Amino acid sequence: MPPPISVVEAYDQYFASRLYDKRYPQANSSTLAVVLDQIGRLGTKVLDIGCGNGRYAEALLKQSTATIVACDISREAIDELSSRYAGYVTSGRLRPVHGDLSVVAGSIDPDEKFDLAIMLFGVLGHIYSRTLRHETLASIRALLRPGGRIVVTVPNAARRFSRQQVAAKSLFTAGHLEAGDVLYERTSDGIVVKMYYHLYAIDEFVQELEQQGFRIVHVGAESFLPESAVVRSKLLRKLDGVLKTLLPLRYAYGFVAVAEVASEADASPRVPRPSAPGEVK
Ligand SMILES: C[S@@+](CC[C@H](N)C(=O)[O-])C[C@H]1O[C@@H](n2cnc3c(N)ncnc32)[C@H](O)[C@@H]1O
């Protein structure tokens, strides 16, 4: 089945129109804290998959000693990243790659492995189809060193796009979408960007990671309030922090998982224990 829309075209348009910057002008500080914590534990070689125009790469370059290979299928995103952070490209701390993981794998030494992979703010959910999402996670695993980890976030189906989920039912029946997929639009100043997204249930998210050879270290909330609110308002960021201590994970706007390359001994899948709020091992 061909992809229902072109994610490349959608994101080229999203970045070029500046709509993405307006909605998400900076990294989500709580997700950033999780990534910085993992860099402190694991090492500084980071692979940023679906880096966009670099809101996380920028913060990581400034707040850690990480060296980052950052890839994205959107030419517009990679061009913006490269020009905004040209100094880091020159110094060798940032290597922008236009393309998906197959391009990354083809552009590095076969023995080069990463300490940490990050796939932040729904990148995995923008990959169509389920088979390709599984292959992508398996490719990430192959690019990590033993004991390396992934920090990955996905949208929660129970909180996102309820109207579009109803509309998607007929597209699913007609064979144009897979279960859990939606089509939606982002509109601003007359610009309409048509998007594809796969929305996750928590069990599905955990299972996908485990099936592709990862051991879950932590699962928590990316946020409870919408991402565009928590990255634009200090007050709402604080409120979101409080909500994280009060609300069950099933009400999260998105989920964040930290998962480690599983050893042979970890191979049999287990039921994960959702971490307590704020707990990352
Ligand atoms: C919601 S944006 C997130 C961007 C960035 N991680 C952030 O938090 O701002 C999703 C990004 O994933 C990229 N993307 C989608 N599928 C991809 C793939 N297979 N490989 C690399 N990038 C991909 C899109 O082009 C887009 O830039």
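In what follows, the structure referred to is the one given above.
The structure presented is a predicted model; accordingly, all values stated were derived computationally and were not measured.

### A look at the overall build of the chain
Helices and strands together make up the secondary structure of the chain, namely 12 helices and nine strands. Every one of the 281 residues in the chain was classed for burial, and the buried ones make up 41%. The contacts of the chain with a sequence gap of at least 6 include a subset with a gap of at least 24, amounting to 76%.

### Structural notes on the pairing of strand S7 (residues 191-198)
Of the pairings in the sheet, the one linking strand S6 (residues 181-188) to S7 comprises eight bridges and is antiparallel in character. Each residue of the ladder has a partner; that of Thr 187, found in S7, is Val 192. The loop that links S6 with its antiparallel partner S7 comprises two residues; one of these, Asp 189, has a positive phi angle of about 50°.

### Some words on helix H3 (residues 29-42)
Taking 1.5 Å as the rise per residue, H3 with 14 residues should run 20 Å; its terminal C-alpha atoms sit 20 Å apart, in good agreement. Along H3, the residues that are buried comprise Thr 31, Val 34, Val 35, Gln 38 and Ile 39. One side of H3 carries all its buried residues, which in axial view fall inside an arc of 135°. Looking at the buried residues of H3, the elements they touch are strand S1 (45-49), helix H4 (55-63), strand S4 (114-119), strand S5 (144-155), strand S8 (214-223) and strand S9 (254-261). Positioned one or two residues after H3, Gly 43 has a phi angle of 135°, which is positive.

### Notes on the packing of helix H1 (residues 7-16) against helix H5 (residues 75-84)
Where H1 contacts H5, the axes come no closer than 7 Å and their chain directions differ by 40°. In terms of orientation, H1 and H5 fall into the oblique class. Only Arg 75, Glu 76, Ala 77 and Glu 80 of H5 make contact with H1, whose side of the interface consists of Tyr 11, Asp 12, Phe 15 and Ala 16. A per-class count over the contact of H1 with H5 returns four nonpolar, no polar and four charged.

### Side note on unusual backbone geometry
Residues apart from glycine generally show negative phi values, whereas peptide bonds are mostly found in trans. The peptide bond linking Tyr 128 to Ser 129 adopts the cis configuration, its omega dihedral lying at 20°. Mapped onto the fold, Ser 129 is located in the loop between S4 and helix H8 (130-143). Of note, Phe 121 is a non-glycine position whose phi angle comes to about 65°, a positive value. A positive phi angle, near 50°, is found at Phe 161, a position not held by glycine. Counting through the fold element by element, Phe 161 comes out in the loop between S5 and helix H9 (162-173). Judged by local crowding, Phe 161 falls into the partly exposed class, with 17 C-beta atoms found within 10 Å.

### Looking at the site of the ligand
Taken together, 21 residues lie around the ligand, and Tyr 11, Gly 50, Gly 52, Ser 74 and Phe 121 are the ones closest in. Taken together, the elements giving at least two residues each to the shell around the ligand come down to H1, H4 and strand S2 (67-72). Tallied by class, the residues present in the shell around the ligand amount to 13 nonpolar, five polar and three charged.

### Concerning the nonpolar core
Core analysis: the biggest nonpolar cluster contains 75 residues, and Ala 57, Ala 117 and Ala 257 have the highest contact counts within it. Sorting elements by how many residues they give to this core places S9 first, with six residues. Residues within four places of Ala 57 in sequence aside, it is in contact with Asp 48, Cys 51, Ile 68, Ala 70, Leu 81, Tyr 85 and Leu 94.

### Considering the sheet that holds S8
Reading across the sheet, the seven strands line up as S3-S2-S1-S4-S5-S9-S8 and stay open at both edges, with mixed pairing between neighbours. Every other strand in the sheet has two partners, leaving strand S3 (94-98) and S8 as the edge strands with one partner each. Recorded for the sheet is a direction-independent mean angle of 15° between the axes of neighbouring strands. Of the pairings in the sheet, the one linking S8 to S9 comprises eight bridges and is antiparallel in character.

### Section: the packing of H3 against H4
Across the interface, H3 lies against H4 with an axial gap of 11 Å and an inter-helix angle of 50°. For the element pair H3 / H4, the angle class is oblique. Crossing angle aside, the handedness with which H3 passes H4 is right-handed. Residue-level contacts link Leu 32, Val 35 and Leu 36 of H3 to Tyr 56, Ala 59, Leu 60 and Gln 63 of H4. Counted by class, the contact of H3 with H4 contains six nonpolar, one polar and no charged residues.

### A look at the environment of Asp 111
With respect to the secondary-structure elements, Asp 111 resides in the loop between helix H7 (101-107) and S4. Judged by the 5 C-beta atoms lying within 10 Å of it, Asp 111 is exposed. Taking the C-alpha atoms as reference points, Asp 111 and Gly 54, separated by 57 residues in sequence, lie 26 Å from one another.

Analysis parameters
- Residues numbered from 1 in each chain as written.
- Predicted model: local features only at pLDDT ≥ 70, side-chain atom pairs only at ≥ 80, totals over all residues.
- Helix = DSSP H or I, 4+ residues; strand = E, 2+ residues; numbered from the N terminus.
- Buried ≥ 20, exposed ≤ 12 C-beta atoms within 10 Å, placed from the backbone.
- Contact = placed C-beta atoms within 7 Å.
- Pairing = 2+ DSSP bridges.
- Expected span 1.5 Å × (residues − 1).
- Arc of directions from axis to C-beta.
- Axes fitted to C-alpha atoms, helices over the stretch in contact; angles between N-to-C directions.
- Parallel < 35°, antiparallel > 145°, perpendicular 65-115°, else oblique.
- Nonpolar A, V, L, I, M, F, W, Y, C, P; charged D, E, K, R; others polar.
- Near = placed C-beta within 6 Å.
- Core = buried A, V, L, I, M, F, W, Y, C linked by C-beta atoms within 7 Å.
- Left-handed = near helix turned anticlockwise from the far one by under 90°.

Interpretation note: all reported values are geometric properties and have no functional meaning in isolation.
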